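Chain by chain, the residues:
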Amino acid sequence: MKILEYRRALHQIPELDRDLPETMAYLTGVLSPMKCTLSSPIPGSLCAFFDFCREDAIAFRSDADALPIQENTGLPFASRHPGKMHACGHDGHMAMLLDLAAWLDKQESLNHNVLLVFQPAEETTGGARDLCQSGVFEAHRVRCIFGMHLWPELPAGVVASRKHELMSRSCEVSVTITGRSSHIAKAEEGIDALAAGVAFYRRAAAMEQALPPEIFRLLKFGRMESGTVRNAVSGRTVLLGSLRAFQDEVFLSLRDGLQEIARQVEQETGCTVQVRTNDGYPAVWNPEDLYDQVRAAGVSFSQLEKPVMISEDFSWYQRHLPGMFFFLGTGPSPALHADDFHFDEGVLETGAAFWKTLAAAL
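Let us look at the structure shown here. Small disclaimer: the values here were computed from a predicted structure and weren't measured.

Here we come to the layout of surface pockets. Within this model, the largest pocket holds a volume of roughly 640 Å³. Lining the largest pocket are 25 residues; nearest its centre among them are Glu123, Ser170, Tyr281, Ser311 and Glu312. Mapped onto the lining of the largest pocket, the elements with two or more residues apiece are strand 5 (142-151), strand 8 (169-178) and strand 10 (236-245). The greatest single-element share of the lining of the largest pocket, amounting to 3 residues, is contributed by strand 8. Partitioned by chemical class, the residues of the lining of the largest pocket number 8 nonpolar, 10 polar and 7 charged.

With that settled, consider unusual backbone geometry. One non-glycine residue, Asp17, lies in the positive phi region at around 60°. Here Asp17 lies in the loop between helix 1 (2-11) and helix 2 (21-31). On the basis of relative accessible area, Asp17 is assigned to the partly exposed category, the value being 28%. Of note in this structure, Arg141 is not a glycine but carries a positive phi near 50°. Its location among the elements puts Arg141 in the loop between helix 5 (136-139) and strand 5.

So, on to empty space enclosed by the protein. Following the criterion strictly, the structure yields 1 cavity of 30 Å³ or more and no others. Every residue along the wall of the largest cavity is listed here: Arg61, Ser62, Asp63, His93, Met96, Leu97, Met148 and Trp355. Elements represented by at least two residues in the lining of the largest cavity include exactly strand 3 (57-63) and helix 3 (90-105). Class assignment for the residues of the lining of the largest cavity results in 4 nonpolar, 2 polar and 2 charged.

Right, let's talk about the pairing of strand 5 for a bit. Of all 10 residues in strand 5, 9 are buried; the element is thus mostly enclosed. Pairing between strand 3 and strand 5: 5 bridges, direction parallel. Within the sheet, the bridge partner assigned to Ile58 lies in strand 5 and is Cys144. Strand direction decides the pairing type here: strand 5 and strand 14 (residues 323-329), joined by 7 bridges, are parallel. Looking across to strand 14, one finds that Gly147 is bridged to Phe325.

We now examine a nonpolar patch on the surface. Taken together, Leu194, Val198 and Met224 make up a surface patch of nonpolar side chains, about 220 Å² in accessible area. In this structure Met224 comes out as partly exposed when scored by relative accessible area, which is 38%.

In this structure the tally under the stated criterion is 0 disulfides. In this structure Cys132 is not part of a disulfide, and its nearest cysteine sulfur, from Cys47, lies 11 Å away.

Moving on, we come to the sheet that holds strand 11 (residues 272-277). Through backbone hydrogen bonds, the strands of a sheet pair up, either in parallel or in antiparallel fashion. Read across the open sheet, the 4 strands follow the order 9-10-8-11; overall the sheet is antiparallel. Either end of the sheet is taken by a strand with one partner, and the two such strands are strand 9 (217-226) and strand 11. On average, each strand axis in the sheet is inclined to that of its neighbour by 15°, with strand direction left out of account. Pairing of strand 8 with strand 10 involves 10 bridges; the strand directions are antiparallel. Within strand 10, the residue paired with Val173 across the bridge is Gly241. Docked against the sheet, helix 6 (residues 193-209) engages strand 8, strand 9, strand 10 and strand 11, running at close to 170° with respect to strand 9.

What follows covers the side chain of Thr330. If you trace the backbone, Thr330 turns up in the loop between strand 14 and helix 10 (346-361). Look past the residues within four positions of Thr330 in its chain and what remains in contact with it is Leu150, Trp151, Pro152, Leu154, Pro155, Ala156, Phe343, Asp344 and Val347.

Moving on to the packing of helix 1 against helix 3. Each pair of packed helices can be described by the angle between their axes along with the distance between the axes. For the pair helix 1 and helix 3, the least separation of the axes is 8 Å and the interaxial angle reads 140°. Helix 1 and helix 3 meet at a crossing whose hand is right-handed. On the side of helix 1, the interface is formed by Ile3, Tyr6, Arg7, Leu10 and His11, while helix 3 contributes Asp91, Gly92, Met94, Ala95, Met96, Leu98 and Asp99. Its residues placed into classes, the contact of helix 1 with helix 3 shows 7 nonpolar, 2 polar and 3 charged.

Cut-offs applied
- Residues numbered from 1 in each chain as written.
- Predicted model: local features only at pLDDT ≥ 70, side-chain atom pairs only at ≥ 80, totals over all residues.
- Heavy atoms only, no water.
- 1 Å grid on protein atoms, 1.4 Å probe; cavity = no way out; pocket = protein on both sides within 12 Å on 5 of 7 lines; lining within 4 Å.
- Points joined across faces, edges and corners; volume = space filled by probe spheres on them.
- Helix = DSSP H or I, 4+ residues; strand = E, 2+ residues; numbered from the N terminus.
- Nonpolar A, V, L, I, M, F, W, Y, C, P; charged D, E, K, R; others polar.
- Buried < 20%, exposed > 50% of the residue type's maximum accessible area, 1.4 Å probe, protein only.
- Pairing = 2+ DSSP bridges.
- Patch = residues over 30% accessible without salt bridge, like charges linked within 9 Å, V, L, I, M, F, W, Y side chains within 5 Å.
- Areas by Shrake-Rupley, 256 points an atom, 1.4 Å probe, with all protein chains shown as cover.
- Salt bridge = Lys/Arg side-chain N within 4 Å of Asp/Glu carboxyl O.
- Disulfide = S-S within 2.5 Å.
- Axes fitted to C-alpha atoms, helices over the stretch in contact; angles between N-to-C directions.
- Contact = heavy atoms within 4.5 Å.
- Left-handed = near helix turned anticlockwise from the far one by under 90°.

What follows is the structure, given as structure tokens:
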């Protein structure tokens, strides 16, 4: 099957971030003979426009970058690039879109034009945002965009999604607390950064837990470092964690709350408390009207009970135009980003068939 040929060829040439020359050359080689117009709106990207002489278009997106991981699958088509691997299924995503392209090439008429988007830097700096700023969607009058991710937590071949919250907005949280070390026998001469760190952690946890249970959110710290020896007051504590939420107001309230807790702990302990957060990606939020439109068109997929607390830069598209994201189950398989990640390739046919159904139904 061509779709397996696509996936296995792409799996062997993983590339990172926005530097994807072999990947782009392969995609161009497959798409060039088809009845589509190719463009590269940003470095490391490729767009294929199928013109059916309609007023507007719908778009389908695949990420194209890999991860800096040494592959350990033992597959006959394993990575030929040391220290690089398609460990997150992006090779499968591209293969499904290429299969969709081959189907589009044979169609005489659709209700809309179609734009296929192969995007760099999903794993790093958010290539989706740059594509939104490139003007490519306005140039082709794209009215909505769809994306899909392989998902080991669902049965093989199951396509699933949900209204509203799907994948969280996230940021890293780094807290540095500076006190003054002293011998523990003269503890009164020190300023205890460990005690301040414990106070900060407890208050942060209480703030998050005070939110209603129906609000999906997460504020957790996975690492705490403090002090140097057992018989000295700690002069420095570092807390490293993650903040995740779906509504911007919830996210910003928790982030601002961390700064307020820092001010309180400073006043009460005499330590200096610095809280730093990065930008991260927005939440993947499926709009209700587009969700209902897909359902009304007769496109069948399963309903997820609750969202997941990881992030995806598909969210940038949804901030720019209506967009909907799906998961495609791979069944039992190693975890995403694992050095032995592999999956039942049969699910790619299911995913590609879903794309064709969606393209024909809207």
